[in-house]
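Here are the chains, one letter per residue:
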Number of protein chains: 2
Amino acid sequence: MNIYDIAKLSGVSIATVSRVVNGSPRVSEKTKQKVLAVMEEAEYTPNVFARGLGLNSMKTIGILCPDISDQYMAEAVSHLEKRLHEYGYDCILSCSGSAQEAREHHTKLLLSKRIDTLILVGSLYAGSGKNPGETEYVRAAAQQVPVFMINGYVEGENIYCSYGDDQQGAYDVTQALIRRGKKRILFLYDSQTYSARQKMQGYESALADAGYPILGDLKHYIRPFDMQQPDGAGLSDFSESSSGYMQNKVLYVKEMLLAHRTLEFDSVFACNDGLAVGVLKYARAKGLSVPEELSVAGYNNSTMAVCCEPELTSVDNQVKRLCSDAVDRILKVLQGEEDVEQNHKVRCEIVRRCSTDF
Amino acid sequence: MNIYDIAKLSGVSIATVSRVVNGSPRVSEKTKQKVLAVMEEAEYTPNVFARGLGLNSMKTIGILCPDISDQYMAEAVSHLEKRLHEYGYDCILSCSGSAQEAREHHTKLLLSKRIDTLILVGSLYAGSGKNPGETEYVRAAAQQVPVFMINGYVEGENIYCSYGDDQQGAYDVTQALIRRGKKRILFLYDSQTYSARQKMQGYESALADAGYPILGDLKHYIRPFDMQQPDGAGLSDFSESSSGYMQNKVLYVKEMLLAHRTLEFDSVFACNDGLAVGVLKYARAKGLSVPEELSVAGYNNSTMAVCCEPELTSVDNQVKRLCSDAVDRILKVLQGEEDVEQNHKVRCEIVRRCSTDF
DNA sequence: GTGAAAGCGCTAACAC
DNA sequence: GTGTTAGCGCTTTCAC
């Protein structure tokens, strides 16, 4: 059943049917109703491919993320999809993993689908800050369609970024720990993303502002333990489930800390809740009371933060707001509005629970 | 840059270019290389819309799930996307929420995108078993494209199902609890999905086989607390983040149990880990030791099961296998193979941790 | 307000 | 092995 059939059945031309389908005002109420009735009766659905060919768009947004089974990204995609769907956009989801090459490849593939916009979810796409060319593909993509980054920042034309102020978040937590009298604050991280760098900077600034020394051994990097990570992004390799990966991570952090007998600290700021829960497990194994003997703060305010004992103080990165803000601007850009705000930074919020007690 | 341009630049016809693009063997090596070179040079990408129009397919799979921010579904989608991507299929993701009407609407919408296959992720789509017509839309969809269900079962032509044997899983856990001497095993659930019904049946069979009575008050339904659930599917309403919802759920279960002073039990089998962690929180608040005074088992073997204290025994539903199995059959069906196995049941596995100690 | 007709860029049947 | 050509189903000028 195509537009010709409907036209024939309605006794009008395909142009008129097309007008009705697209809600053009240049149709008399009468014919409009007639056509509508026929369409209803015939259960006609316009062919999206043909329409796509004519309009060179299928109202589709490409969403790329390293791993949809990661809680943070899943939440982001959930918000994005919901909002975009409201406005009639479909989402093609693609998961690239963490390797640089894979990111580039998936980006290209998504672009070849003639998406209207590309959304890059996760700080990973903003690169590690090491290699200059690592974000070149983002700029290249931006030459074809507007590119939106969720929790990442890349400078460039047609690139729009929404990100949490992780530097400030880390600063706030570290400062609170300092105020609580902690002297040796361990900074725990397991990835080198843009976001992780921001956090480290916040941590360092807070120490500096308090007149504390910045000690190298207190910035402790937990190497992704599955050794499948081409560039140490700290993500699952997907050969396994993400929850399985996360389970292992928690236990791994505990073991690493137990094994590392020379490291001394009275508090921990972990770059994500998984690491923080690992620290909690370590504390329990060591017989350390939390928060009295060891304060622990995590990041992302995930479900994990509440499951553990004691419950975890954690920084909320406000993904929902980031996504919502991004969608607002996507709509503007796609409607051809000019001067849409390119970058948007959102303040993170510390959710205080008993693991730090400050 | 279209196929005509490439043809002109290569000094061949568009048919030849098309052949090269599609890897037809009916092209001489020489012209093939020539065309390939031109395409490369011109950075030519075939127009997917035009191709879709011609082939009436864009190699796209529609994936529908109630909520991608739910850990279980995110994991499923992750596996599906990864496998399908390998075979050149793209995934359109759509999240329907839990309402019956929304499920039907999203299904229709996805079908109107001319997807090659529809995948329904989650037991919710198999209905509550109450209203006869509630799965009618699944059968209707199956008249247009093959429909695959992940962890759900609906009888019908062109409907293919992969599901964990949750009944057996529940049976095994309950039986283990009985063997350990537990007398009053609380069955905790918060949704009425196909999967939840299976679990309850397993629970009941195990009790029956042990000669235990099946007590109504020991089958405890936790009503979704946000009151935004049109049909009590126990899912987040998405107005909030899923992790926020889950955090609340854990605390809510704890409070509910504390408030319910007449309910007596020496062990709990919870339909999901969120509920189980809530029970753990309750036990702690009550000063009950786990597993000595209270055994707790969860379901889904999620990250939560390891974050809590003590760690949670949980049944692994084997999503990855379900998805992998589904993809295998999707490929077969799309290649026109006949007699593809319609239903596939996978045995669940108990992952034993210290919360039950059996 | 409506219709005729020219694309949109590709695939595939058919001819050579 | 290669080219010609007729669709695929829609949108969109341009007449009337």
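Taking an unreviewed UniProt entry as the reference, chain A is identified by name as LacI family transcriptional regulator belonging to Schaedlerella arabinosiphila.

As for the overall build of chain A
Within chain A, the regular secondary structure consists of 13 helices and 12 strands. With respect to the principal axes defined by its C-alpha atoms, chain A has extents near 85 × 40 × 35 Å. In chain A, buried positions account for 60% of the 358 residues. Long-range contacts, defined as pairs at least 24 residues apart, comprise 72% of the intrachain contacts of chain A with a sequence gap of at least 6. For chain A, the accessible area works out to roughly 14,900 Å², and carbon and sulfur atoms hold 46% of it. The centroid of the 39 positive side-chain charges in chain A is displaced by 2 Å from the centroid of its 46 negative side-chain charges.

Here we look at the domain arrangement of chain A
Entries for chain A in the domain assignment read domain 1 (3-51), domain 2 (59-163 + 319-345) and domain 3 (166-317). Look at where the C-alpha atoms of domain 1 of chain A and domain 3 of chain A centre, and you get two points 60 Å apart.

Section: the interface of chain A and chain B
Between chain A and chain B, the residue contacts involve 58 residues of the former and 58 residues of the latter. Roughly 5,200 Å² is buried in total at the junction of chain A and chain B, and carbon and sulfur atoms are behind 58% of that figure. The largest per-residue losses of area from chain A upon contact with chain B belong to Phe49, Gln247 and Cys307 of chain A, which jointly make up 13% of the total buried on that side. Run the count over chain A and chain B and you get 8 salt bridges.

Quick notes on the relation of the copies chain A and chain B
Relative to chain B, chain A is turned by 180 degrees and slid 0.1 Å along the rotation axis, the superposed coordinates differing by an RMSD of 0.1 Å. Interpreted geometrically, this transformation is the action of a two-fold axis. Comparing interface residues between copies, 100% of those in chain A also sit at the interface in chain B, which points to an isologous, same-surface contact.

As for the nonpolar core
Membership of the largest hydrophobic core comes to 92 residues, with the highest contact counts inside it found for Leu188, Phe265 and Leu294 of chain A together with Leu188, Phe265 and Leu294 of chain B. Listed in part, the 60 residues of the second largest apolar core include Ala76 of chain A together with Ile61, Leu84 and Cys91 of chain B.

Things to note about empty space enclosed by the protein
If you roll a probe as big as a water molecule over the atoms, it shows you where there is empty space left. What the rule picks out here adds up to 8 cavities of 30 Å³ or more. By volume, the largest cavity is sized at about 80 Å³. The residue makeup of the lining of the largest cavity, split by class, is 6 nonpolar, 2 polar and 2 charged.

Focus: the protein's contact with DNA strand C
Taken together, 28 residues surround DNA strand C, and among them Thr16 and Arg19 of chain A together with Ile3, Ser18 and Tyr44 of chain B come closest. Backbone atoms, meaning sugar and phosphate, make up 63% of the atoms of DNA strand C lying within 4 Å of the protein. Between DNA strand C and serine 13 of chain A, the relevant distance is 2.8 Å, taken from a phosphate oxygen to a main-chain nitrogen or oxygen of the residue. Within the backbone of serine 28 of chain A, an N or O atom sits 2.8 Å from a phosphate oxygen of DNA strand C.

Describing the sheet that holds strand β9 (residues 295-299) of chain B
Residues and elements named next belong to chain B. Within the open sheet, the 6 strands sit side by side as β7-β6-β8-β9-β10-β12. Their pairing is mixed. At either margin of the open sheet sits one strand with a lone partner, and together these are β7 (219-221) and β12 (349-351). Going across the sheet, the axis of each strand differs from the next one's by a mean of 20 degrees, ignoring polarity. Here strand β10 (residues 313-316) pairs with β12 via 3 bridges, running antiparallel. Bridging from a neighbouring strand, valine 315 pairs with isoleucine 350 of β12.

Some remarks on the protein's contact with DNA strand D
Not every one of the 27 residues close to DNA strand D is listed here, only the nearest: Ile3, Ser18 and Tyr44 of chain A together with Thr16 and Arg19 of chain B. Counted by atom, the contact set of DNA strand D within 4 Å of the protein is 62% sugar and phosphate. Residue threonine 16 of chain B places a side-chain N or O atom 2.7 Å away from a phosphate oxygen belonging to DNA strand D. Elements represented by at least two residues in the surface near DNA strand D include exactly α1 (3-10), α2 (14-21) and α4 (48-55) of chain A together with α2 (14-21) and α4 (48-55) of chain B.

Thoughts on the confidence of the model for chain A
Summarising the model, chain A shows a mean pLDDT of 93, and 96% of its residues fall at 70 or more. Within the model, pLDDT remains below 50 along residues 227-239 of chain A, and this stretch shows 41 contacts once partners closer than five positions in the same chain are excluded.

Description of the UniProt feature "domain: HTH lacI-type" (unreviewed entry) in chain A
UniProt's entry tags residues 1-55 of chain A with the feature "domain: HTH lacI-type" (unreviewed entry), counted in the numbering of this structure. The straight-line gap between the two end C-alpha atoms of residues 1-55 of chain A is 21 Å; of that span, 69% is helix and 0% is strand.

Looking at helix α8 (residues 166-179) of chain B
Residues and elements named next belong to chain B. Between its first and last C-alpha, α8 extends 20 Å over 14 residues, near the 20 Å set by a 1.5 Å rise per residue. Of all the residues in α8, the buried ones are Asp166, Gly169, Ala170, Tyr171, Asp172, Val173, Thr174, Ala176, Leu177 and Ile178. Note on α8: the residue one or two positions beyond its end, glycine 181, has a positive phi of about 95 degrees.

Some points on the packing of α4 of chain A against α4 of chain B
Remark: α4 of chain A packs on α4 of chain B, axes separated minimally by 8 Å, with the N-to-C direction vectors making an angle of 150 degrees. With respect to each other, α4 of chain A and α4 of chain B are oriented roughly antiparallel. For the element pair α4 of chain A and α4 of chain B, the recorded crossing hand is left-handed. Contacts between α4 of chain A and α4 of chain B pair Phe49, Ala50, Gly52 and Leu53 of chain A from the former with Phe49, Ala50, Gly52 and Leu53 of chain B from the latter.

Quick notes on the packing of aromatic side chains
Considering all chains together, one arrives at 20 aromatic pairs over all chains under this definition. Seen from their ring centres, tyrosine 189 of chain A and tyrosine 221 of chain A are 5.1 Å apart, and the 45 degrees between their planes marks the pair as tilted. Residue tyrosine 189 of chain A is found in strand β6 (residues 185-189), and its partner tyrosine 221 of chain A is found in strand β7 (residues 219-221); the two are separated by 32 residues along the sequence. One aromatic cluster is present, built from ring pairs that chain together Phe187, Tyr189, Tyr203, Tyr221, Phe269 and Tyr299 of chain A. Positioned above the aromatic ring of tyrosine 89 of chain B, the side-chain terminus of lysine 59 of chain B is 4.5 Å from the ring centre. The ring of tyrosine 299 of chain B is capped by lysine 199 of chain B, whose NZ or CZ atom sits 4.2 Å from the centre of that ring.

The rules we used
- Residues numbered from 1 in each chain as written.
- Chains lettered and ligands numbered in written order.
- Predicted model: local features only at pLDDT ≥ 70, side-chain atom pairs only at ≥ 80, totals over all residues.
- Heavy atoms only, no water.
- Helix = DSSP H or I, 4+ residues; strand = E, 2+ residues; numbered from the N terminus.
- Buried < 20%, exposed > 50% of the residue type's maximum accessible area, 1.4 Å probe, protein only.
- Contact = heavy atoms within 4.5 Å.
- Areas by Shrake-Rupley, 256 points an atom, 1.4 Å probe, with all protein chains shown as cover.
- Lys, Arg positive; Asp, Glu negative; His and termini not counted.
- Charge placed at Lys NZ, Arg CZ, Asp CG, Glu CD.
- Domains from an automatic or database assignment.
- Buried area = accessible area lost by both parts, 1.4 Å probe.
- Salt bridge = Lys/Arg side-chain N within 4 Å of Asp/Glu carboxyl O.
- Least-squares fit on C-alpha atoms with pLDDT ≥ 70 in both.
- Core = buried A, V, L, I, M, F, W, Y, C linked by side-chain atoms within 4.5 Å.
- 1 Å grid on protein atoms, 1.4 Å probe; cavity = no way out; pocket = protein on both sides within 12 Å on 5 of 7 lines; lining within 4 Å.
- Points joined across faces, edges and corners; volume = space filled by probe spheres on them.
- Nonpolar A, V, L, I, M, F, W, Y, C, P; charged D, E, K, R; others polar.
- Near = heavy atom within 4 Å.
- Polar contact = N/O pair within 3.5 Å; in protein donor to acceptor, adjacent residues only side chain to side chain.
- Pairing = 2+ DSSP bridges.
- Axes fitted to C-alpha atoms, helices over the stretch in contact; angles between N-to-C directions.
- pLDDT = per-residue confidence, 0-100.
- UniProt positions renumbered as here; feature names shortened; annotations may be inferred.
- Expected span 1.5 Å × (residues − 1).
- Parallel < 35°, antiparallel > 145°, perpendicular 65-115°, else oblique.
- Left-handed = near helix turned anticlockwise from the far one by under 90°.
- Phe/Tyr/Trp six-rings, centres within 6.5 Å; stacked < 30°, edge-to-face > 60°.
- Lys NZ or Arg CZ within 6 Å of the ring centre and 35° of its normal.

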